[in-house]
Amino acid sequence: MLVFTTRVWLVFLVDAAYRAGLNPLSKRRVHRLVFLSNCLAPLFQATPNTAQIVKYKHGPFYPLIQWELDRLATMGVLTIDNIKYTHDEKGWWVSSDYGAGQMMEPILSHCRQSAYGQRLGEYLNEVVAGFASLRGAALDEVALRDENYNQPGATADSFIDFSEQEENFSLQTARTFRSVLPAKLVPTQKEELFLYMRFLEALVARKTN
Amino acid sequence: MANTVIRFPVLKRLRISGYQLFPGTDGKGIDHSFERGVTVVVGINGLGKTTLLNIILRSLLGFNEPAKFDPHDPAAGSHKMVEKETDFFTSRTANLAKDAQVEAEFAFGSDRLKIIRHLDTLAIEGLFLNDKPVTGDQDELQHEIVKASGLATLYDFFYVVRSFTFFLEDKVSLIWNPNGQFEIFRILFFDPTKSKEFAELTDAIKRKDSKYRNLRVYYNKAMEELKRTEARTGSKSTVTEELRLKRVDVNQLEESDAIIRRKLEKALLSRTTILEQIQKTRLELEEDSRQQEGLLDSFFSRAFPDLPAVVANILNHLDGNHGCLVCGTANPKKRHKFRELANQGTCPFCETNNVRTEKVGALTARADGEIKQVEARIDVKRKNLSALEEGLKKSIELVDALHGERAGNSFKLITAQGELEQLEAKLPPSQEELDQKRKKLDSEGREMKNLRLEIVKETKRYSTLLAEGRKNIEQLAAKLTKSFEFYAGEFLAEKCKLSYREEKRRLGEEGELLNYPNFHINMTSAVSPRIGTARMENTQVSESQKEFVDLAFRMALFDAVRQPKDGVMLVIETPEASLDTIFVKKAGDLLRKFGEDGSGEPNVIIASCNLNGTGIVRSLLGVDTLDKKAVKEEVPKKIINLLELAAPNAAVREDGKTYLAELAAALSK
């Protein structure tokens, strides 16, 4: 069951990215989007695909997600291109780009027929829309500045578990914005998500400057 | 007799400007001067008749209302006044009555008071006493209005205006409601300073009566509790043993809970550790796999340079034994076969020989060795991962089992704790507990006793004041009954008399029975044509009798209270509502007669009427008693025609001519 949920999650993400003009998606960007969408899922009453991650030298990366990405590409649901193996001081790495494959549309139509699929699709659309609205230079950096990923005390290979909402610092921060806004201005979930993305973008800018 | 001089408000002129509901014929709103006698506010449903009467009412009262006021039980609440903000006049306009204003000039005896209020906030914008401006804050200005009436308090002023002068659809009955009747007697006939004290005493006694009854409920409960506690004395031996055993049970269950909790914490920690190890191993495996694939890819991409990315990916995965991307199998059988075939110059898919070009050499021994080293590392990590995954599975099972065990133990613990509490409640009380309960009961008993004494003392004073007031009323009884008989006789075919008696009622729910002055009516009927019967309830008379008996009583009261040269005012909403044809004429005659009576300041009757063919407009204006000239010259001065002055609603827009024709017919000679 989890395999199917993961695949649906990925298909919706790649589709949303395609619609937001982020096509094709680099492998690195897919993993970072999966990570951000996992962190902020409770904001939209969604269940994260996975709420644990190990900090990694290449940024957020999920081996199981990678396997499913390659499977989907083989099935023709996604496209894969520019596979490139590199070897540097960080070790071996393979980069590739993923896009919308020929089989994607019928699968999406099928998924949207269920209430769960509809809700998940709407949520992931919002995540990607918020992500895509950021400055291009910040896109691949924001996940690294995320409040869960960059939580105090975390070292280069820390295991991060945000399955409990009180330990999900990204969620807590996104929900904090309502307390600093004027009394009558209650942000919607979507506004909280966008504000959080902007907050990460500002962190990236501060680090760069 | 009371030495109060009460001046009733009599409207002399009304100007309403800037209010969208009443634009007037020229956009300047309504400006009407009131003549002696009856003025009719003519309209149809929805044109604003009630709103116009309310504007007159609120020009006197503003937002002030008693904290609780029920027209059907008018004296039930306290005499405390509050500002009740409502949307009286804003809700029917598109601009929330911005810039709307009422300017009302009233006579209070020989004094003239001009009140200017905003209609949105009802704040007093200007107040003029005999043309001289009065200054002060809102409370002071409102107090000046009350002062002009000679009444003691804002509440009394409210009650006289709302329940006596105004006879609105939601009206207070003064004849059928003994409490409402007595309240007007207190205001009109008691000595003014004593009337205020009397009202304060009324509120205080009612409040204390209610508090006393509440206290008694608590006192009785505490008494029962003490009795139960005292009954436990002597029930020691078996309970103590049971209690001891139950405490052992609870302790054991608490210990078990602590043990399970510790096991659970350990299991959760272990689960997280394994999870972390799995994730880290997967990342390491990923790196090794990519290295292996990278080394292979450099060979395959040289051997088959035109392979599409997706096929190259499948090939790398298969040969590296990283699963079949086509079918999803994790450990495909043809490991190394693809590499071997390619190394021999054979296509790894269709096995055709000599497909590799001369320029591309076979996999070097060094590269092959490097790949094999990585493969060895991968194998170790795969085994580790497999063991970890097995460990995670067991860890999850253990966590689930411990959750279940803890839930079962918690249920037993809660049950045992409940049983323990029950047993503890059966234990004989300590002397300290008994003393505490007795002390509390004594204290509550004393408080009740003091309260009762206060009630008795205040009731005594109340009773004295009541007797004085009753005496005043008894002195007026003859005048009042005579006056009533006259007005009632004008309207009713049956003989209707006012009878005075003392009526026993309680103040509060449990106060002593006191004698209150009360007037009720006695009326002849078809079955008792000469003597008549007492009609104590309003259900004992017809609808039209009910309304006009109350009106006749008001008129009689006015006569009894007003100063000889003073005028009075009655504001009546749709008097025709409950009348049949014969009584329409009688009602008109009665109100006209009352309105035109007197040689001093004029009386003013303001009646709102619907154009509904009942003939009430004609009757109230006395068209049949006037000559043509008077009808032409005088009658228009006594009409506020909302068909022309109010913003036309759909009925007026569609049938305005028909309504105007009906009005013209009502006024024709």
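Values in this document were obtained by computation on a predicted structure and should not be read as measured data.

What chain A contains, in helices and strands, is 7 helices and 5 strands. The buried share of chain A, taken over its 209 residues, is 40%. Put simply, of all contacts in chain A between residues at least 6 apart along the chain, 69% involve residues at least 24 apart.

Time to look at the overall build of chain B. Summing up its helical and strand segments, chain B has 16 helices and 16 strands in all. Here chain B, with 669 residues, has 35% of them falling under the buried criterion. Counting only contacts in chain B whose residues sit at least 6 apart along the sequence, the fraction spanning at least 24 positions is 71%.

With that out of the way, let us pick up the nonpolar core. Of all hydrophobic cores here, the largest spans 125 residues; its most connected members are Leu-11, Val-40, Val-42 and Ala-552 of chain B. Setting aside anything within four residues of it in sequence, one finds Val-40 of chain B in contact with Ala-607, Cys-609, Val-617, Leu-620, Leu-621, Lys-638 and Ile-639 of chain B. Of all hydrophobic cores here, the second largest spans 72 residues; its members include Phe-35, Ile-65, Leu-69 and Ile-160 of chain A.

Residues and elements named next belong to chain B. The interhelical angle for the contact between helix α3 (residues 154–165) and helix α4 (residues 178–189), taken along N-to-C directions, is 130 degrees, at an axis separation of 10 Å. On the basis of their axis angle, the class for α3 and α4 is oblique. Of the two possible hands of crossing, α3 and α4 adopt the one that is left-handed. Contact residues: Asp-156, Tyr-159, Val-160, Ser-163 and Phe-164 in α3; Gly-180, Glu-183, Ile-184 and Ile-187 in α4. Classifying every residue of the contact of α3 with α4 gives 5 nonpolar, 2 polar and 2 charged.

Right, let's talk about the sheet that holds strand β14 (residues 569–573) of chain B for a bit. With parallel pairing, the 5 strands of this open sheet are ordered in space as β10-β14-β15-β3-β16 (chain B). Both outer strands of the open sheet, β10 (166–167) and β16 (639–641) of chain B, are each paired with one neighbouring strand and no more.

Attention now moves to the pairing of strand β1 (residues 9–17) of chain B. Residue and element names in this part refer to chain B. Sheet topology places β1 next to strand β6 (residues 101–108); 8 bridges connect them, and they run antiparallel. From the neighbouring strand, Leu-11 faces β6, where its bridge partner is Phe-106. Relative to strand β2 (residues 30–33), β1 runs antiparallel, the two being bridged by 4 bridges. Its bridge partner being in β2, Leu-14 is matched across the sheet by His-32.

With that settled, the discussion passes to the interface of chain B and chain A. Interfaces are often described in size by the accessible area the parts lose on coming together. Contacts between chain B and chain A engage 23 residues on the former and 22 residues on the latter. When residues of the side of chain B that touches chain A are traced back to their parent elements, those giving at least two are α6 (237–303) and α7 (309–319) of chain B. Counting residues per element, the side of chain B that touches chain A draws most heavily on α6 of chain B, which supplies 14 residues.

Residue and element names in this part refer to chain A. Between helix α1 (residues 2–19) and helix α5 (residues 115–132), the shortest axis-to-axis distance is 9 Å and the interhelical angle comes to 45 degrees. On the basis of their axis angle, the class for α1 and α5 is oblique. For the crossing formed where α1 meets α5, the hand is right-handed. Residues Val-8, Phe-12, Leu-13, Ala-16 and Ala-17 of α1 form the contact with α5, whose participating residues are Gly-117, Leu-120, Gly-121, Leu-124, Asn-125 and Val-128.

The next subject is helix α10 (residues 431–491) of chain B. The end-to-end C-alpha distance of α10 of chain B, which contains 61 residues, comes to just 78 Å, noticeably less than the 90 Å that a straight helix rising 1.5 Å per residue would cover. A maximum bend of about 45 degrees is found in α10 of chain B at Leu-476 of chain B.

All names here are of chain B. Positionally, Ile-274 belongs in helix α6. Among the residues examined, Ile-274 registers 20 C-beta atoms within 10 Å and is labelled buried. Put simply, Ile-274 and Ser-395 are 121 residues apart on the chain and 8.5 Å apart in space, counted from C-alpha to C-alpha. Setting aside residues up to four positions removed in sequence, Ile-274 forms contacts with Leu-388, Gly-391, Leu-392 and Ser-395.

This brings us to the pairing of strand β12 (residues 513–523) of chain B. All names here are of chain B. Pairing of strand β11 (residues 496–506) with β12 involves 11 bridges; the strand directions are antiparallel. In the strand pairing of β12, Glu-503 is matched with Tyr-516. Between β11 and β12, which follow one another and run antiparallel, lie 6 residues, and Gly-508 among them has a positive phi close to 80 degrees. Note that β12 and strand β13 (residues 533–535) share 3 bridges and pair antiparallel. Bridge pairing in β13 links Asn-522 to Ala-534.

Moving on: the sheet that holds strand β3 (residues 78–88) of chain A. Residue and element names in this part refer to chain A. Strand order in the open sheet formed by 3 strands is β1-β4-β3, and the pairing between neighbours is antiparallel. Of all strands in the sheet, those with a lone pairing partner are β1 (25–26) and β3, marking the two edges. Relative to strand β4 (residues 91–100), β1 is paired through 2 bridges, and the arrangement is antiparallel. When the bridges of β4 are listed, Leu-25 appears paired with Tyr-98.

Residues and elements named next belong to chain B. Note that Ile-187 resides in helix α4. Of the residues examined, Ile-187 has 26 C-beta atoms within 10 Å and is grouped as buried. Separated by 11 residues in sequence, Ile-187 and Phe-198 place their C-alpha atoms 9.9 Å apart. Ignoring any residue separated from it by four or fewer positions in sequence, one finds Ile-187 in contact with Leu-151, Asp-156, Tyr-159, Val-160 and Ser-195.

Here the focus is the confidence of the model for chain B. Residue and element names in this part refer to chain B. When pLDDT is averaged along chain B, the result is 88, and 97% of the positions lie at 70 or above. At the low end of the mean pLDDT range in chain B sits β13, at 75; at the high end sits β1, at 97. We note a pTM of 0.59 for the whole complex and an ipTM of 0.89 for its interfaces.

Since the α-helix turns once every 3.6 residues, residues separated by three or four places project in the same direction. Residues and elements named next belong to chain B. Taking 1.5 Å per residue, 12 residues should reach 16 Å; helix α2 (residues 138–149) reaches 17 Å between its end C-alpha atoms and fits that length. Among the residues making up α2, those that are buried are Gln-142, Ile-145, Val-146, Ala-148 and Ser-149. For α2, the angular spread of buried residues about the axis comes to 160 degrees, placing them on one side. Positive backbone phi, approximately 80 degrees, marks Gly-150, located one or two places after α2.

We now examine unusual backbone geometry. Going from Asn-23 of chain A to Pro-24 of chain A, the amide bond is cis rather than trans, its omega being -5 degrees. Along the chain, Pro-24 of chain A falls in the loop between α1 and β1. Backbone geometry at Leu-122 of chain B places phi at a positive 65 degrees, although glycine is not the residue there. For Leu-122 of chain B, the location among the structural elements is in the loop between β7 (111–118) and β8 (124–129). For Leu-122 of chain B, a count of 22 C-beta atoms within 10 Å translates into the label buried.

Conventions used here
- Residues numbered from 1 in each chain as written.
- Chains lettered and ligands numbered in written order.
- Predicted model: local features only at pLDDT ≥ 70, side-chain atom pairs only at ≥ 80, totals over all residues.
- Helix = DSSP H or I, 4+ residues; strand = E, 2+ residues; numbered from the N terminus.
- Buried ≥ 20, exposed ≤ 12 C-beta atoms within 10 Å, placed from the backbone.
- Contact = placed C-beta atoms within 7 Å.
- Core = buried A, V, L, I, M, F, W, Y, C linked by C-beta atoms within 7 Å.
- Axes fitted to C-alpha atoms, helices over the stretch in contact; angles between N-to-C directions.
- Parallel < 35°, antiparallel > 145°, perpendicular 65-115°, else oblique.
- Left-handed = near helix turned anticlockwise from the far one by under 90°.
- Nonpolar A, V, L, I, M, F, W, Y, C, P; charged D, E, K, R; others polar.
- Pairing = 2+ DSSP bridges.
- Expected span 1.5 Å × (residues − 1).
- Bend = angle between axes of the 7 residues up to and from the residue.
- pLDDT = per-residue confidence, 0-100.
- Arc of directions from axis to C-beta.

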